[in-house]
Amino acid sequence: MEKPKDIDKIVSPMKVNLSKNTHIYNEHALISAKVTVLRDVNTPSSTFRAVVEEITKLMAFDALSHLTLEETTITTPICNTVGDKIAGKKMVLVPIIRAGLAMEPAMKDVVPQARTGFCGIYRDEETLEPVPYYWKMPKDIENRSVFILDPMLATGGSINYTIKKLKSIGCKSIHVMSIIAAPQGVDLIQTFHPEVEMYIAHLDEGLNRYGYIVPGLGDAGDRIYGTK
Ligand code: PRP
Ligand code: URA
């Protein structure tokens, strides 16, 4: 498909009041520099995937800082001591297929014991409505902390669908990790799911008439997998 000439025009800029549960890293120097690499149309897929993983790990530093810990006794080469280990049931990562899959290995690197559930959704190009096609979650998910992974939060339709479906099966502790968000998507999730903690590397200006984030990075799935 030929690139429309006005693809970069914002038709709906928006200001959103951020809630205390929305964590944005626009001011973080390292994250900001890495987001710029993702935005660059000349960045190849291999670099794109590597940088998605790096940003995900940087955000994990904050997103996972409040995990409940329990004491564990260990022996160092010097003496016995009491340390911490992550308490409770193993957390569940829920990447939204396709693009969210690129964030999952980074989270598994830092929390190897996490389980993974899969949510397949694509966005209808005309209506921008989410079209679900796959759902496979670990058993007992309702008693676990859940982290939805999707690099792009645009209209918010895909993540809103995923949160609603997780709530409908009893999940109570739900978090979202995204790399780029439009104010429209942030506003939607804050309005309908105010208790959900969101971690977003960069809040952008708005959406263009095709529902793409501006300045954004284009279609994340295509950039990650080299499809068009
Ligand atoms: C992209 C992206 C999100 C969704 C965001 O997926 O990875 O899932 O769009 O848009 P929204 O906030 O307006 O719902 P896409 O539909 O391109 O599917 P794909 O990754 O399988 O190509
Ligand atoms: N999905 C993407 O991959 N990119 C956008 O800008 C919006 C939705």
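Thresholds, definitions, all that
Residues numbered from 1 in each chain as written. Chains lettered and ligands numbered in written order. Predicted model: local features only at pLDDT ≥ 70, side-chain atom pairs only at ≥ 80, totals over all residues. Heavy atoms only, no water. Helix = DSSP H or I, 4+ residues; strand = E, 2+ residues; numbered from the N terminus. Rg over C-alpha atoms; globule rule 2.2 N^0.38 Å. Buried < 20%, exposed > 50% of the residue type's maximum accessible area, 1.4 Å probe, protein only. Areas by Shrake-Rupley, 256 points an atom, 1.4 Å probe, with all protein chains shown as cover. Lys, Arg positive; Asp, Glu negative; His and termini not counted. Charge placed at Lys NZ, Arg CZ, Asp CG, Glu CD. Near = heavy atom within 4 Å. Polar contact = N/O pair within 3.5 Å; in protein donor to acceptor, adjacent residues only side chain to side chain. Nonpolar A, V, L, I, M, F, W, Y, C, P; charged D, E, K, R; others polar. Pairing = 2+ DSSP bridges. Axes fitted to C-alpha atoms, helices over the stretch in contact; angles between N-to-C directions. Parallel < 35°, antiparallel > 145°, perpendicular 65-115°, else oblique. Left-handed = near helix turned anticlockwise from the far one by under 90°. Contact = heavy atoms within 4.5 Å. Core = buried A, V, L, I, M, F, W, Y, C linked by side-chain atoms within 4.5 Å.

> Any chance you could explain the overall build of the chain here in plain terms?
Each helix and strand counted, the chain has six helices and 14 strands in total. Computed over the C-alpha atoms, the radius of gyration of the chain is 18 Å, within 12% of the 17 Å expected from 2.2 N^0.38 for a compact globule of 228 residues. Structurally, the chain occupies a C-alpha span of about 65 × 35 × 35 Å along its principal axes. Across the 228 residues that make up the chain, the buried fraction comes to 45%. A total of about 12,100 Å² of accessible surface is found on the chain, and carbon and sulfur atoms cover 54% of it. Counting 26 positive and 27 negative side-chain charges, the chain places the averaged centre of each group 4 Å from the other.

> Is there a simple way to explain the site of ligand 1 in this structure?
The environment of ligand 1 is made up of 14 residues, and the closest members are Arg98, Arg123, Asp150, Thr155 and Ser158. One of the backbone nitrogen or oxygen atoms of Arg123 is found 2.8 Å away from an oxygen atom of ligand 1. Here an oxygen atom of ligand 1 and a backbone polar atom of Gly156 are 2.9 Å apart. Its free accessible area being 510 Å², ligand 1 has 90% of it covered by the protein chains. Sorting the residues of the shell around ligand 1 by element identifies strand 7 (118-123), strand 10 (152-153) and helix 4 (157-168) as the ones contributing at least two each. With three residues, strand 7 is the largest single contributor of residues to the shell around ligand 1. For the shell around ligand 1, a count of residues per class yields six nonpolar, four polar and four charged.

> What am I meant to see in the sheet that holds strand 14 (residues 213-214) here?
Within a sheet, neighbouring strands are paired by backbone hydrogen bonds and run either parallel or antiparallel to one another. Ordered by their spatial adjacency, three strands build an open sheet running 1-13-14, and the pairing between neighbours is antiparallel. Only two strands of the sheet have a single partner each, and these edge strands are strand 1 (12-13) and strand 14. Two elements, strand 1 and strand 13 (residues 206-207), share two bridges in a ladder whose sense is antiparallel. If you follow Pro13 over to strand 13, its bridge partner there is Gly206.

> Any chance you could explain the site of ligand 2 here in plain terms?
Every residue near ligand 2 is listed here: Arg123, Met152, Ala154, Gly211, Tyr212, Ile213, Gly218, Asp219 and Ala220. Gly218 is positioned such that a nitrogen or oxygen atom in its backbone is 2.7 Å from a nitrogen atom of ligand 2. One of the backbone nitrogen or oxygen atoms of Ala220 is found 2.8 Å away from an oxygen atom of ligand 2. Residue composition of the shell around ligand 2, by class: five nonpolar, two polar and two charged.

> How do you make sense of the packing of helix 1 (residues 29-39) against helix 2 (residues 45-63) when you look at a structure like this?
Geometry of a packed helix pair, given as the angle between the helix axes and the separation of the axes. Across the interface, helix 1 lies against helix 2 with an axial gap of 9 Å and an inter-helix angle of 155°. Our classification of the angle between helix 1 and helix 2 gives roughly antiparallel. Considering the relative orientation of helix 1 and helix 2, their crossing is left-handed. Counted together, Leu30, Ile31, Lys34, Val35, Val37 and Leu38 of helix 1 and Thr47, Phe48, Val51, Val52, Glu54, Ile55, Leu58 and Met59 of helix 2 form the full contact between these two elements.

> How should I be thinking about the nonpolar core in this particular structure?
The nonpolar side chains of a soluble globular protein tend to be buried with one another. By size, the foremost hydrophobic cluster in this structure holds 35 residues, and its most contacted members are Leu38, Ile55, Met59, Met107, Phe147, Met177 and Ile179. For this core, the secondary-structure elements that each account for two or more residues are helix 1, helix 2, strand 9 (145-149), strand 11 (173-181), strand 12 (197-203) and helix 6 (220-225). If you tally residues by element for this core, the top one is helix 2, at seven residues. Once residues within four sequence positions are removed from consideration, Met59 is found in contact with Tyr25, Ile31, Met103, Met177, Ser178, Ile179, Tyr199, Ile200 and Ala201.

> Explain the pairing of strand 8 (residues 130-136) to me, please; I cannot follow it from the model alone.
Both faces of the sheet carry side chains from a regular strand, because those side chains alternate between them. As defined by bridge partners, strand 7 adjoins strand 8 across six bridges and the pair is classed as antiparallel. Opposite Gly120, over in strand 8, you have Tyr134 as the bridge partner. Hairpin connection from strand 7 to strand 8: six residues lie between these consecutive antiparallel strands, with Leu128 at a positive phi of about 65°.

> Is there a simple way to explain the side chain of His175 in this structure?
Along the polypeptide, His175 turns up in strand 11. The class for His175 is buried, based on a relative accessible area of 11%. Once you skip the residues sitting within four places of it in the chain, His175 turns out to touch Ser145, Val146, Phe147, Ile148, Val196 and Glu197.

> Would you mind showing me how to read the environment of Glu205 here?
Structurally, the position occupied by Glu205 is in the loop between strand 12 and strand 13. Residues Glu205 and Lys34, spaced 171 residues apart in sequence, show a C-alpha to C-alpha distance of 18 Å.

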